[in-house]
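Residue strings, one per chain:
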Amino acid sequence: MRRSLIVLAAVSALVAGTTTAASGGSGASGDGMSLRIEGLHRPAAIARDVNGIAHIEARGEHDLFFLNGWVHAEDRLFQMDLNRRQPSGTVAELLGASALPGDVQARTIGLRRAAERSLPVLSPSTRAALDAYAAGVNAWVEAHPDLTPEYATLGLDQFDPWTPLDSVVVGKAIAFGLSFDLDIDATIAFQTYLATGQARGFDGDALFREAAEACIQNQG
């Protein structure tokens with residue numbers, strides 16, 4: 001699980017506010033306030049540093065991933081919703097008919113179908129983390145039925161519950177996008193040195209290697 005999921009731990013020394021979460025019950029959150037959240041196994045804490053960044057302190061992996069989902073929903077619910085819909089081909093459900101061409105393309109590519117095949121073969125620990133994360137997202141939504149301003153702007157008042165499959169879909173989309181990133185900057189620079197050296201009458205290869213070595217030394 002640690003190879004595939006990022007564990008957020010440790011509370012910042014510079015906190016602007018802390019929410020202490022206890023297992024069971026429900027309530028509203030806020031800086032410096034305690035609340036009870038159905039789904040947590042043990043008491044935990046969310047601290048916001050002076051930049052508003054959330055830091056999670058929990059006594060077990062379930063609660064850690066649960067609160068990770070809670071924080072993500074609090075900060076980026078609409079973005080999360082859009083990010084799962086784009087590779088799934090359901091953006092039109094949010095934004096209307098103008099999004100249909102993109103949805104057709106996404107369904108043709110089939111990242112959600114790929115995620116559906118991947119989910120059953122994930123390790124039990126990864127599935128447990130995904131389940132806890134989804135529960136945290138949905139717990140925040142249940143505690144905040146008014147959702148976020150983006151939904152009000154679109155005239156929407158419902159959020160389809162987050163699922164472990166949604167997390168896998170987003171992971172597939174990220175991997176798909178990164179597959180188009182080509183690390184060819186160094187090759188282009190080398191070819192430019194060679195071409196310029198040939199045109200201007202100097203050794204472009206030697207100059208490139210000298211510049212690259214100097215760059216490495218400066219970084220070291």
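Residues numbered from 1 in each chain as written. Predicted model: local features only at pLDDT ≥ 70, side-chain atom pairs only at ≥ 80, totals over all residues. Heavy atoms only, no water.

(A) Region of the structure containing the packing of aromatic side chains. All told, the structure shown has four aromatic pairs when counted by the stated rule. Each ring, one from phenylalanine 190 and one from phenylalanine 208, has its centre 5.1 Å from the other, and the planes form 65 degrees; the classification is edge-to-face. With phenylalanine 190 in helix H8 (residues 185-200) and phenylalanine 208 in helix H9 (residues 204-219), this pair connects stretches of sequence that are 18 residues apart. For the ring pair tyrosine 193 and phenylalanine 208, a centre distance of 5.4 Å and an interplane angle of 70 degrees mean the geometry is edge-to-face. (Phe/Tyr/Trp six-rings, centres within 6.5 Å; stacked < 30°, edge-to-face > 60°. Helix = DSSP H or I, 4+ residues; strand = E, 2+ residues; numbered from the N terminus.)

(B) Looking closely at the pattern of salt bridges. Throughout the structure, instances matching the rule amount to nine salt bridges. Between aspartate 75 and arginine 48 there is a salt bridge whose closest N-O contact spans 3.0 Å. Residue aspartate 75 is located in helix H1 (residues 61-88), and its partner arginine 48 is located in strand E3 (residues 44-49); the two are separated by 27 residues in the primary sequence. For arginine 84, the salt bridge is made with aspartate 81, and the minimal N-O distance between the two is 3.0 Å. Placement of the pair is arginine 84 and aspartate 81 together in helix H1, with a separation of three residues, close to one helical turn. Across the pair, aspartate 81 and arginine 84 agree in class, each one buried. (Salt bridge = Lys/Arg side-chain N within 4 Å of Asp/Glu carboxyl O. Buried < 20%, exposed > 50% of the residue type's maximum accessible area, 1.4 Å probe, protein only.)

(C) Main features of the packing of H1 against helix H5 (residues 124-143). The geometry of H1 relative to H5 is characterised by a closest axis approach of 7 Å and an angle of 55 degrees between their N-to-C directions. Here H5 runs oblique to H1, going by the angle between their axes. Like other packed secondary-structure pairs, H1 and H5 cross with a definite hand, here right-handed. Here H1 contributes His62, Phe65, Phe66, Asn68, Gly69, Trp70, His72, Ala73, Glu74, Leu77 and Met80 to the contact with H5, which in turn contributes Ala129, Ala132, Tyr133, Ala135, Gly136, Val137, Ala139, Trp140, Val141 and Ala143. (Axes fitted to C-alpha atoms, helices over the stretch in contact; angles between N-to-C directions. Parallel < 35°, antiparallel > 145°, perpendicular 65-115°, else oblique. Left-handed = near helix turned anticlockwise from the far one by under 90°. Contact = heavy atoms within 4.5 Å.)

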